[in-house]
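Chain by chain, the residues:
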Amino acid sequence: RSGAVSFEIIASGVNIFPKIPIDRTVAKTEFSIRKTFGLEKFDAALGGGIPQGHMILLGGNTGTGKTTIAMQFLLDGLEHDERCVFITLEEPTPQLKKTALEHDWHLEKYEKQGKLIFIDPGLIDINIDKLTYQIVRAVNSIGATRVVFDSISSLESATMNKNQVREFLTSLSGFLKTIGVTSILT
């Protein structure tokens, strides 16, 4: 794709992050296949879960349980032998793992098995293209079928403006739908 290309200078050289090409004509979305949360009444209210390859936004005030519901979504996938990626901007990964343990969810076990990858880029000087590549590499490396991004509102409060956030979400959505990954954004 054309446009400005981001890069970073590191001790071993230069990392270049060109825009990822996305074939929008081949979305692998499927309404007949549903990705559940493992919460019987909630899944029923969603018609059996989220359609495969779709992206859902969980919204609400601080403390309403968005992250907990998103973790439940990943846990249900992990328990059904799916691979998952959790991108966290709000809380550091160790805090998420601690919260999960309070619910008796042993996410670290799945991480050690190579079924779960956490991406914790930090909000200081976040680079939208670098973050996109981190997500693409993580999803592709384990064949992830579920992704949680917690929280997109943090992107704008970091170093991105509305247009950059929109470009990032469009790119991320296009990539995930093209390969049939079901996602939750908080």
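Predicted, not measured: the structure shown is a model, and the values here were computed from it. (Residues numbered from 1 in each chain as written. Predicted model: local features only at pLDDT ≥ 70, side-chain atom pairs only at ≥ 80, totals over all residues. Heavy atoms only, no water.)

A. Inspection of the overall build of the protein chain at higher detail. For the protein chain, the count of helices and strands is seven helices and nine strands. Radius of gyration (C-alpha) of the protein chain: 16 Å, near the 16 Å computed for a compact globule of 186 residues. Based on the C-alpha atoms only, the size of the protein chain along its principal axes is roughly 50 × 40 × 35 Å. Per-residue burial over the protein chain gives 45% buried out of 186 residues. Taking the intrachain contacts of the protein chain between residues at least 6 apart in sequence as the baseline, contacts between residues at least 24 apart amount to 71%. Put simply, the protein chain shows about 9,800 Å² of open surface, and 53% of that area lies on carbon and sulfur atoms. (Helix = DSSP H or I, 4+ residues; strand = E, 2+ residues; numbered from the N terminus. Rg over C-alpha atoms; globule rule 2.2 N^0.38 Å. Buried < 20%, exposed > 50% of the residue type's maximum accessible area, 1.4 Å probe, protein only. Contact = heavy atoms within 4.5 Å. Areas by Shrake-Rupley, 256 points an atom, 1.4 Å probe, with all protein chains shown as cover.)

B. Just the packing of aromatic side chains, in detail. Per the counting criterion, the structure on display carries four aromatic pairs. On the numbers, 4.8 Å between centres and 80° between planes, the contact of Phe37 with Phe42 is edge-to-face. Ring pairing ties together the aromatic residues Phe37, Phe42 and Phe73, which thus form one cluster. (Phe/Tyr/Trp six-rings, centres within 6.5 Å; stacked < 30°, edge-to-face > 60°.)

C. Representation of the side chain of Thr67 in the model. On the secondary structure map, Thr67 appears in helix H2 (residues 66-79). Side chain to side chain, Thr67 and Asp150 meet in a polar contact 2.8 Å long. Residues within four places of Thr67 in sequence aside, it is in contact with Phe86, Glu91, Leu96 and Asp150. (Polar contact = N/O pair within 3.5 Å; in protein donor to acceptor, adjacent residues only side chain to side chain.)

D. Inspection of the nonpolar core at higher detail. Residues Val85, Leu131, Ile135, Val139, Phe149, Leu155 and Phe168 are the most contacted members of the largest nonpolar core, which totals 29 residues. Where this core is concerned, the elements lending two or more residues are strand E6 (84-88), helix H5 (128-142), strand E8 (146-150) and helix H7 (162-178). Per element, the largest residue contribution to this core is eight residues, and it comes from H5. Residues in contact with Ile135, not counting those within four places in the same chain, are Ile87, Ile119, Phe149, Phe168 and Leu172. Core analysis: the next-biggest nonpolar cluster, separate from the first, contains 20 residues, Leu58, Phe86, Trp105 and Leu107 among them. (Core = buried A, V, L, I, M, F, W, Y, C linked by side-chain atoms within 4.5 Å.)

E. Geometry of the packing of H5 against H7. The N-to-C vectors of H5 and H7 enclose an angle of 15°; their axes lie 11 Å apart at closest approach. Overall, the two elements H5 and H7 adopt an arrangement that is roughly parallel. Seen from above, H5 lies across H7 with right-handed handedness. Taking contact as the criterion, the partners of Ile128, Leu131, Thr132, Ile135, Val136, Val139 and Asn140 in H5 are, on H7, Gln164, Phe168, Ser171, Leu172, Phe175 and Leu176. (Axes fitted to C-alpha atoms, helices over the stretch in contact; angles between N-to-C directions. Parallel < 35°, antiparallel > 145°, perpendicular 65-115°, else oblique. Left-handed = near helix turned anticlockwise from the far one by under 90°.)

F. Examining the sheet that holds E8 more closely. Pairing in this open sheet of five strands is parallel, and the strands run E5-E9-E8-E6-E7 from one edge to the other. For this open sheet the edge positions go to strand E5 (55-57) and strand E7 (116-119), each flanked by a neighbour on one side alone. Pairs of neighbouring strands in the sheet enclose a mean axial angle of 15°, with direction left out of account. Sheet analysis places E8 next to strand E9 (residues 182-185), joined by four bridges and oriented parallel. Of the residues in E9, the one forming a bridge with Val148 is Ile184. (Pairing = 2+ DSSP bridges.)

G. Representation of the side chain of Ser183 within the structure. By the secondary structure assignment, Ser183 is in strand E9. The class of Ser183 is buried, set by a relative accessible area of 1%. Setting aside residues no more than four positions away along its own chain, Ser183 makes contact with His54, Met55, Ile56, Val147 and Leu176.

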